Amino acid sequence: FPPEFEGRDLPAELSFARTALPFAVALLLLAIVWAQVRNRVRLWLMRTRGEHLVIAGNGRLARLAALRELREGGGVMVWLQGERPAWTGEARAGGAATIADHRADRSLPLLGLDKARAVLLLTDDDAGNAAEAGDVIEEAARIRPAGDPLAVIARIDAREVQSEVEQRAGAVSSTVARVRFASLPDLAARQLFLDHPLDSFTWADARQRKVFAFGFTPAIESYVLRMLAGGHFRDGGKPEFVIVDREAEQVAKGFRQHHPGADALTPMRFEYGDIDQPGRIETLYGELIARYGEPVAVLVNAADDDLSRAVAGSIDDCYRRSDRPAPLIHARLESAGVAEPRVMIRHFGSVEDFADPEILLQEKHDALARSIHEFYLEGRLADGDRIGSRASMQEWEDLPEGFREDNRLVADCYQLKLRDIGARLVAGSGPPLRLEPDELEELSRAEHDRWM
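Quick caveat: nothing in here was measured; it's all calculated off a predicted structure.

(A) Up close: the sheet that holds strand 5 (residues 150-154). One open sheet holds the 6 strands; their spatial order is 3-2-1-4-5-6, and the pairing between them is parallel. Each edge of the open sheet is held by one strand with a lone partner, namely strand 3 (97-99) and strand 6 (177-181). Sheet twist, expressed as the average angle between the axes of neighbouring strands with direction ignored, equals 20 degrees. Of the strand pairs in this sheet, strand 2 (residues 76-79) and strand 3 are connected by 3 bridges, and their pairing is parallel. Note on strand 3: the bridge partner recorded for V78 is T98. Sheet strands touched by helix 2 (residues 60-71): strand 1 (53-56) and strand 2. Its angle to strand 1, the strand with the most contacts, is close to 160 degrees.

(B) Representation of a nonpolar patch on the surface in the model. A cluster of nonpolar side chains, contributed by L21, V25, L28, L29 and I32, occupies part of the molecular surface with about 470 Å² of accessible area. Along the polypeptide, V25 turns up in helix 1 (residues 12-49).

(C) Quick look at the pattern of salt bridges. Inspection of every chain in the model, using the stated rule, returns 34 salt bridges. Salt-bridge contacts for R159 lead to D186; the nearest nitrogen and oxygen are separated by 3.0 Å. Linking R159 in helix 6 (residues 159-169) with D186 in helix 7 (residues 184-195), this pair joins segments that are 27 residues apart in sequence. Accessibility expressed as a relative area gives 48% for R159, which makes it partly exposed.

(D) Fine view of the packing of helix 15 (residues 363-382) against helix 16 (residues 401-420). Interaxial distance between helix 15 and helix 16 falls to 8 Å at its minimum, and their mutual angle equals 105 degrees. Between helix 15 and helix 16, the angle is such that the two are roughly perpendicular. Here H365, D366, L368, A369, I372 and H373 of helix 15 come into contact with helix 16, specifically with N407, R408, V410, A411, D412 and Y414. Looking at the contact of helix 15 with helix 16 residue by residue, the class counts come to 6 nonpolar, 3 polar and 3 charged.

(E) Spotlight on the pairing of strand 8 (residues 240-245). Within strand 8, 5 of the 6 residues are buried, which leaves the element mostly enclosed by the surrounding structure. Judged from the 5 bridges that link them, strand 8 and strand 9 (residues 268-272) form a sheet pairing that is parallel. Bridge assignment links D245 to a residue of strand 9, and that residue is Y272.

(F) Summary view of unusual backbone geometry. One non-glycine residue, E51, lies in the positive phi region at around 60 degrees. You can see E51 is positioned in the loop between helix 1 and strand 1. Phi at D323 takes a positive value of approximately 55 degrees, unusual for a residue other than glycine. When its relative accessible area of 72% is taken as the criterion, D323 is described as exposed.

Definitions and limits used
Residues numbered from 1 in each chain as written. Predicted model: local features only at pLDDT ≥ 70, side-chain atom pairs only at ≥ 80, totals over all residues. Heavy atoms only, no water. Pairing = 2+ DSSP bridges. Helix = DSSP H or I, 4+ residues; strand = E, 2+ residues; numbered from the N terminus. Axes fitted to C-alpha atoms, helices over the stretch in contact; angles between N-to-C directions. Contact = heavy atoms within 4.5 Å. Patch = residues over 30% accessible without salt bridge, like charges linked within 9 Å, V, L, I, M, F, W, Y side chains within 5 Å. Areas by Shrake-Rupley, 256 points an atom, 1.4 Å probe, with all protein chains shown as cover. Salt bridge = Lys/Arg side-chain N within 4 Å of Asp/Glu carboxyl O. Buried < 20%, exposed > 50% of the residue type's maximum accessible area, 1.4 Å probe, protein only. Parallel < 35°, antiparallel > 145°, perpendicular 65-115°, else oblique. Nonpolar A, V, L, I, M, F, W, Y, C, P; charged D, E, K, R; others polar.

Below you can see the structure in the form of C-alpha cells.
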C-alpha cells in the first residue's frame, strides 16, 4: 500500500479494498491449491470408502451414466483412455475423479477395484472393451476378497467377442468378479418386447399377424429372435415377419445360416427395398400390403435417426391419406430428441433410455431370473442330477452368460403372461397371487409354447 496514502482520508471503497484484498488473495491461493489436489483427494476418498463406479467411455452413454450416478450421490471414477472426452470436465465439476494414465499396468491399481461397486466399459470399440474387461477381471482376482464379486459390465455387441471375454473370465473365480455384456441392440429389443406387446390392441376382424420391419439391424434381429423364442399372442399364435432391406438376399442367407430353425417357428419373408429413399416408401409399403395384408406393427431402424424419422413418417402418411387406422410404428432412434408429434409413431432404443447404471447392471432384473434358475436346479437335483453334470447344472454365479440370458428371457415372458390375466409385477410385499383354474390353464399353455 503506497506510504504516501498513510494518514490521509481515503474513499471508503479504497479502505475496504485495503482490508479485504489479503483475504481475497488467500481465497484465490486456496482455490488454486484445491484445483491441484482435489482429484487426488477424491481418488483417495473413493478408494477408502468403496462402492464407487469406474466408468470408461468416450460417448454419450458413458457421459449420461456418469452424470446420472453423480446426481444420485454416488462416487464415480472416470477411467480415461486415449483422448480426454469433453464431458469429463462436466463430470469433474459434479464430483467425479479421473484417472488418465494410458498404461493399464499403471492405472489399474489406482481404480480401487477391491472395494468398487462395478466397472462400466462403455466405449464404442468391442475389442477395446473386451481387452479392458479381461485386464480388470485379472486385477480384481489379484486384490479383491472373495464373496463380494465385482460386476464388470462391457459394452460388446459381437457374439464372438463376448465368447472370448467369457473364456478369459472363466479363469477367475465368479466369487471375485463377474462379467456381463451391455449390448445396446439387445437392450433396445428387450425394451420394445416388454413395453409394446404386439397384441396390446388389435382390430376386431384382424386374423393376420404380420410385422413389417424396415432395415434388418442387430436391434431388429435381436427383437425377432426374442419374439420367436418367447413372444406370444393370447391365442397362442406367432407373428409372421416381413423384413425389408437393400441387401435382402444376403441378409436372409446369413440369418438362416445362424438360425436354421427360425422358419419352422414362423414364416420369415425377406423383401428388397431401398429404405434410404423415403420418397419411395409409400409405394413400397402399398405393394407390401397388397402382397401380405395389413401388419399389426411396423418396425423402422434405418441408417441414422433422421432417416428413421422420415421412413416412419412416410408410412404414417400412407394411412393418413387413405383415412385408415394405422398400426403402431416403432422407430429406433439413437438419440431421444424431441417428442414425436404423430400419435402412432413410437420411439425406442435411444442411448438416453439405457444410460442408467441400474439398467446396465440389471441387478433387479436378475433377481427373478436367478429365482427361475434356482427352481430349475431344485427340480433337476430332485430327479437325480448333480451340480456340474452339464453346462446348465451350475449355480447362478458359475452359470455361463448364455444360460443366464435364457433365464432373463423367461423372466421377461412372465411379465407378458401376467398381463394376459390382468396382473403385473410390483415392488414390495403383499398378499400372494391367487390363480383361478382357467388362468392356470392359460398360463401353463403359454409357458409350454414358449418352452417348445
